Each structure stands twice: as structure tokens, then as C-alpha cells.
Amino acid sequence: MNNTTEAPLMTNDMTAAVDVEGLIYLGCELVIGVLSVLGNGLVLLVITRESQLQTFTNYFIASLAMADLLVGLLGIPCAIVSKYGLPADFYGCLLTNTVIVILTQISIFGLLAVAVERFIAIKFPFIYHTHCTGPVAAAVIAFTWLSAILVGLVPMFGWHQPVMSLTKCAFVSVIDMNYMVYFNFFGCVLLPLLVMFLLYCFIFQVVFRQLKQINSLQVAMETVTTTRRQIFMKELRAVKWFCAVIVFFAVCWLPLHVLNTMLLVTGSTCFSCFNPAIILSHANSALNPIFYAFVNKKFKCAFKRLVFCSKEPLVDTTMASSQPG
């Protein structure tokens, strides 16, 4: 008699817990989606409106902002739809779950492009000033987006779970974890992050060496020394800024990839951690504009001019001075 009574109560409690968890997940995703669209939309708008922000490096910032905006506009709705088991057909479910992979890959390749751009600016300044123009930036951005789309669409080309009749859409039902771990995570996320780490280590080394040489110059060269020091300090601040963006990206996305790796290697993982990890990964897109607004002075002034109709002039940027206009 007691067992019969307790079973429905336990079922109801579990259902209520699942409903609460689902509502929290949905609420977080909706908030992140709205913030991603608004914040990154503002970034794109100020770059479009302010000619001083239309530099070679900031074109890549605009590309990253567009990818983050699309996470809020397309990626998060796709994640929510998949979370609730839709669409029920196999290829519809597969396409829905590849959208967020594509957008993540655009961000990774975009960050890698910025690291290479900073490396060229430091290592080959003459080539940088001569060849790094708007059309070149557009070509590089187009290449990164096309490459990311192809990487993300690999499951649609055949590397997916065996085709089956689905009653409910789920990421693991359509996406092959071998693709997610060995190809996407190891090859297209970890490897670019390692390359970026090495490039920025080299850049830090060069900048610090140049600053040391400048400090050792004679007092007679004080004017020239001060100018060169200011240039390299701006380079240093720019590199620190981009390093912060990359570290933040890694902190937000690595937990989800680690959970996927655990699932593939061990056959089990912390399933209750998936929702927080997914929310954290999407939060990256919503919080990136904070780096632009509060760390970069020129962006901060541009935001004030736009939001508060301020006439405050744009101050000298913390971005590297080696950017062509």
C-alpha cells in the first residue's frame, strides 16, 4: 500500500524538478539571446557610424560581433528548439544542432585571424602598413566564415549518427561524438587556441624586448624614445585585450567540450552539468561587448555618443596604433 502511494509522489517530484530546471534553462537562454543581439548590435552600429573605428583590426571585431549576434538570433533559438525535442525528423534535427557549431567555429577562426594580424603587425610592420587594407580584411573574414561553415556542416555531409526515425530531437542522437571530439574539439578548437597562445607569447616577447631597448636609449633621444614607447605600450595593451577575449572564450566553451569528451571516452559524464555548460558557452556571446565597451576607451566613447547622444570626441584608442585607418 505504501509503495503504491509513494511511487506517484516520487514521479511527480521528479517531473516538477525537471520542469523547474527546464524553465531556468529557458529563462537564461532567452536573457542571453536578447543581450547578445542588443550588445553586439550596438558594437556593429558604432563601428558603422564612427569612421575612426573602421580600422583593419576592428573589421575583425565586427566579424566576431556579427557571429555573436547570430548566436542570439539563430543559435540560441535552435538550441532551445532542440532541447524541447524539435524538429522530429532526422535531418531537420541534424541541421538545427549544427548551427551553433558553425557559429562557434566562426568565432574561433575569427580570433585566430586577429592573432595572425597582430603577429604580422609586430613581426612585419612594413608589410602590415602596405597590404593590410579594408579589401584584404574583407577577403580574410570571408575565408574564415566559409571555412567555419564547411567545418560545421561536416555532419550534414555524412559524418553523423546512423539515420533513424526520431521521436524526439537530441544532440547526441544525430551528432557523432567522434566528430565533435576528435575533429571539432581537438582539430578546430584546441589547435587554433594553441596557435593563438604561441603567437601571443611571441608578440609579448617582442614588445617587452622593444620596451627594454627603448628604456636603455640615451637621454638625448628622449623625444623619439617617448614616442616609440607610447607606440609599444599601445601594442601591449592591444595584445592584453585580445588575450582576455581569448581566455574568456576558452573558459566559456571548454567545459562543454570536456563533457562531450568524457561522454565519448568513458561512456558517462555529468549530465546535470550540460545545461549550465551550454548556458555558459552562450553567455560568451552576450558578455563580449562588455570587453569592447569598458576596456577599449574609443569604443566606450562611441557607445556614449550613440546611447546618450553625447558629443564627446573619441579619445585615443587602446588598440594598437599600427592599425591603418
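Residues numbered from 1 in each chain as written. Predicted model: local features only at pLDDT ≥ 70, side-chain atom pairs only at ≥ 80, totals over all residues. Heavy atoms only, no water.

J.: Hey, could you run me through the packing of helix α2 (residues 56-83) against helix α3 (residues 90-123) in this one?
T.: For any two helices packed against each other, one specifies the crossing angle of their axes together with the interaxial distance. Here α2 crosses α3 at 165°, and the two axes come no closer than 8 Å. The orientation of α2 with respect to α3, classified from their angle, is roughly antiparallel. Classified by chirality, the crossing of α3 by α2 is left-handed. Class assignment of the residues belonging to the contact of α2 with α3 gives a composition of 15 nonpolar, seven polar and three charged. (Axes fitted to C-alpha atoms, helices over the stretch in contact; angles between N-to-C directions. Helix = DSSP H or I, 4+ residues; strand = E, 2+ residues; numbered from the N terminus. Parallel < 35°, antiparallel > 145°, perpendicular 65-115°, else oblique. Left-handed = near helix turned anticlockwise from the far one by under 90°. Nonpolar A, V, L, I, M, F, W, Y, C, P; charged D, E, K, R; others polar.)

J.: How should the pattern of salt bridges be read in this particular structure?
T.: Opposite charge on two side chains allows them to pair when their charged atoms are near. As enumerated under the stated definition, the model contains two salt bridges in all. In this structure, Glu 117 engages Arg 118 in a salt bridge whose closest nitrogen and oxygen atoms are separated by 2.7 Å. Exposure remark for Glu 117: the relative accessible area of 4% places this residue in the buried category. (Salt bridge = Lys/Arg side-chain N within 4 Å of Asp/Glu carboxyl O. Buried < 20%, exposed > 50% of the residue type's maximum accessible area, 1.4 Å probe, protein only.)

J.: Looking at this model, I keep getting lost on the side chain of Thr 96. Mind explaining?
T.: Locating Thr 96 in the fold gives a position in helix α3. Overall, the relative accessible area of 12% leaves Thr 96 in the buried class. Discounting chain neighbours no more than four positions away, the residues touching Thr 96 are Cys 78, Ser 82 and Pro 87. (Contact = heavy atoms within 4.5 Å.)

J.: Explain the packing of aromatic side chains here, please?
T.: The description of an aromatic ring pair uses the distance of the two centres, along with the angle that the planes make with each other. Applying the stated rule across the entire model yields twelve aromatic pairs. Seen in terms of ring centroids, Phe 119 and Phe 202 are 5.2 Å apart; in terms of plane orientation they differ by 55°. Their pairing is tilted. On the criterion of sequence distance, the pair formed by Phe 119 in helix α3 and Phe 202 in helix α7 (residues 177-215) is long-range, its members being 83 residues apart. In this structure Phe 202 comes out as partly exposed when scored by relative accessible area, which is 24%. Consider the rings of Phe 185 and Phe 186, whose centres lie 5.4 Å apart with planes at 40°: the pair is tilted. (Phe/Tyr/Trp six-rings, centres within 6.5 Å; stacked < 30°, edge-to-face > 60°.)

J.: For this particular structure, what's the right way to read a positive patch on the surface?
T.: On the surface, a cluster of positive charge is made up of Arg 237, Lys 297, Lys 300 and Lys 304. Top element by residues in the positive patch is helix α10 (residues 297-307). It accounts for three residues. Structurally, Lys 297 is set in helix α10. (Patch = residues over 30% accessible without salt bridge, like charges linked within 9 Å, V, L, I, M, F, W, Y side chains within 5 Å. Areas by Shrake-Rupley, 256 points an atom, 1.4 Å probe, with all protein chains shown as cover. Lys, Arg positive; Asp, Glu negative; His and termini not counted. Charge placed at Lys NZ, Arg CZ, Asp CG, Glu CD.)

J.: For this particular structure, what's the right way to read the state of the cysteines?
T.: A full pass over the atoms with the stated rule returns two disulfides. Disulfide pairing is shown between Cys 93 and Cys 169; the S-S distance is 2.0 Å. Here the disulfide of Cys 93 and Cys 169 is right-handed, its torsion about the S-S bond being about 80°. You can see Cys 93 sitting in helix α3 and its partner Cys 169 sitting in the loop between α5 (134-152) and α6 (171-174), a full 76 residues away along the chain. The exposure class of Cys 169 is buried, given its relative accessible area of 2%. One disulfide bridge connects Cys 270 with Cys 273, the sulfur atoms lying 2.1 Å from each other. On the S-S bond that ties Cys 270 to Cys 273, the torsion sits near 60°, and the link is right-handed. Described in terms of the sequence order of its bonded cysteines, the disulfide pattern of the chain is 1-2, 3-4. (Disulfide = S-S within 2.5 Å.)

J.: Any chance you could explain a nonpolar patch on the surface here in plain terms?
T.: Residues Leu 191, Leu 194, Val 195, Phe 197 and Leu 198 make up a contiguous nonpolar surface patch of roughly 480 Å² in combined accessible area. By the element assignment, Val 195 lies in helix α7.

J.: Help me out: how do you make sense of unusual backbone geometry in this one?
T.: Peptide bonds are, in most cases, trans, and in most cases residues other than glycine have a negative phi. Cis geometry is adopted by the peptide bond preceding Pro 87, which originates at Leu 86 and carries an omega value of -10°. Within the secondary structure, Pro 87 sits in the loop between α2 and α3.

J.: Please clarify how the environment of Gly 152 should be interpreted in this entry.
T.: Looking at where Gly 152 falls in the secondary structure, it is placed in helix α5. On the accessibility criterion, Gly 152 (0% relative accessible area) is buried. Separated by 32 residues in the primary sequence, Gly 152 and Asn 184 have C-alpha atoms spaced 8.2 Å apart. Setting aside residues up to four positions removed in sequence, Gly 152 forms contacts with Thr 98, Val 101, Ile 102 and Tyr 179.

J.: For this particular structure, what's the right way to read the environment of Val 99?
T.: Residue position: Val 99 is located in helix α3. For the pair Val 99 and Ile 149, spaced 50 residues apart in sequence, the C-alpha separation works out to 8.9 Å. Not counting residues up to four positions away in its chain, the partners in contact with Val 99 are Leu 74, Gly 75 and Cys 78.

J.: Could you clarify how one ought to interpret α2 in this entry?
T.: The terminal C-alpha atoms of α2 lie 39 Å apart, and with 28 residues this matches the ideal 40 Å at 1.5 Å per residue to within 8%. Burial analysis of α2 places 21 of its 28 residues in the buried class, the great majority of the element. Trailing α2 by a residue or two, Gly 85 shows a phi angle of about 85°, which is positive. (Expected span 1.5 Å × (residues − 1).)

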